[in-house]
Amino acid sequence: MRQKDAALVCFSGGQDSTTCLFWAKKRFSRVEAVCFTYGQKHSLEIEVARQIAADADVPFQLLDVSLLSQLDTSCSLTNTSVEMDREKPADSYPNTFVPGRNMVFLTFAAILARSKGIFHLVTGVSEADYSGYPDCRDTFVRSLNVTLNLAMDEQFVIHTPLMERDKSEVWELADELGVFDLVRTRTLTCYNGIMAEGCGHCPACKLREEGLRKYLARRQSKRK
Ligand code: ZN
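Each residue is numbered by its place in its chain's sequence as written, counting from 1. In keeping with the model being predicted, local features are shown solely for residues with a pLDDT of at least 70 and side-chain atom pairs are shown and tallied solely at 80 or more, while totals for entire chains, interfaces and linings include all residues. As a convention, hydrogens and water are excluded, and side-chain values are obtained from all of the structure's heavy atoms.

Draft legend 1. Representation of the overall build of the protein chain. Secondary structure elements are taken from DSSP: a helix is a run of H or I of four residues or more, a strand is a run of E of two residues or more, and numbering for both begins at the N terminus. Broken down by element type, the protein chain carries 8 helices and 5 strands. Overall, the protein chain shows an N-to-C arrangement of helices and strands of β-α-β-α-β-α-α-β-α-β-α-α-α. For 224 residues, the compact-globule estimate of 2.2 N^0.38 gives 17 Å, and the C-alpha radius of gyration of the protein chain, at 17 Å, lies within 12% of that figure. Projected onto its principal axes, the C-alpha positions of the protein chain cover 45 × 45 × 30 Å. Put simply, the protein chain has 224 residues, and 51% of those count as buried. Any two residues having at least one pair of non-hydrogen atoms within 4.5 Å are treated as being in contact. Sequence separation of 24 or more characterises 70% of the internal contacts of the protein chain that already satisfy a separation of 6 or more. For the protein chain, the accessible area works out to roughly 11,100 Å², and carbon and sulfur atoms hold 51% of it. Radius of gyration here uses only the C-alpha atoms, and the compact-globule reference equals 2.2 Å multiplied by the residue count raised to the power 0.38. For each residue, the accessible area found with a 1.4 Å probe, counting protein chains only, is set against the maximum for its type, and the residue is called buried under 20%, exposed over 50%, and partly exposed in between. Only the protein chains shown count as cover for residues, with accessible areas throughout obtained via the Shrake-Rupley method and a probe of 1.4 Å.

Here is the structure:
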């Protein structure tokens, strides 16, 4: 049966997708979460995701797409022998880029959602201040949305609540949704697999920390 007011969130237990999970809970009467294992080094993130979903009373499903890590072994998130790029190389993407990842995630999410009668998908991608991954861009998401509709003759709607937000604005949204502390203390964004504030020096931690500092400064100046 079609569930008009239901959404499936692509959920990893990180800052962005956790914020999206609670965004979806405000907006839809029924929310489910799908998490992907794709051969990432840190399996803790799956447990973090499972726990947040359980506490949020959101049904949680784990899909194994670890074939991804076999297809391309140059990625530092899935291959332990590859040292992580700290900066974006001049002529390519950093090796934290997993080619095809968001396309695969959203495609499998759509197939799963359809089987449940759900046609709203939510993903935490943003093109504001990331490494410029091509599959985080609005153009890509819109294009895939059209393709999924054509592929299954359905009317999926992919929601990207963070698309235009930089990290400080993602913190702001979490605060508006009443989950600032939860996101700050219980999520895992760090590429080195450390909870909350993380390792402090990987690109993901730097971005998260910088955004947090910026948001807290803004919040402080508003309260004065
Ligand atoms: Zn880190």
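Draft legend 2. Structural detail: the packing of aromatic side chains. The rule is short: rings of Phe, Tyr and Trp, with Trp giving its six-membered ring, pair when the centres are within 6.5 Å, and they are stacked under 30 degrees, edge-to-face over 60, tilted in between. Enumeration according to the criterion identifies 5 aromatic pairs in this entry. Centroid distance Phe36 to Phe105: 4.3 Å. Interplanar angle 10°. Geometry classified as stacked. Of this pair, Phe36 sits in strand S2 (residues 30-37) while Phe105 sits in helix H4 (residues 101-115); the two residues are 69 residues apart in sequence, bridging distant segments of the chain. Exposure remark for Phe105: the relative accessible area of 12% places this residue in the buried category. Taking the centre distance of 5.4 Å and the plane angle of 45° together, the rings of Phe119 and Phe156 count as tilted. Note that Phe119 is positioned in the loop between H4 and strand S4 (120-122) and Phe156 in the loop between helix H5 (138-152) and strand S5 (157-159), a separation of 37 residues in sequence. Put simply, the rings of Phe36, Tyr38 and Phe105 touch in pairs and so form one group of aromatic residues. For a lysine, the NZ atom is tested; for an arginine, the CZ atom; a charge sits over a ring if that atom is within 6 Å of the ring centre and within 35 degrees of the ring normal. Over the ring of Phe180 we find Arg219, and its NZ or CZ is 4.9 Å from the ring centre.

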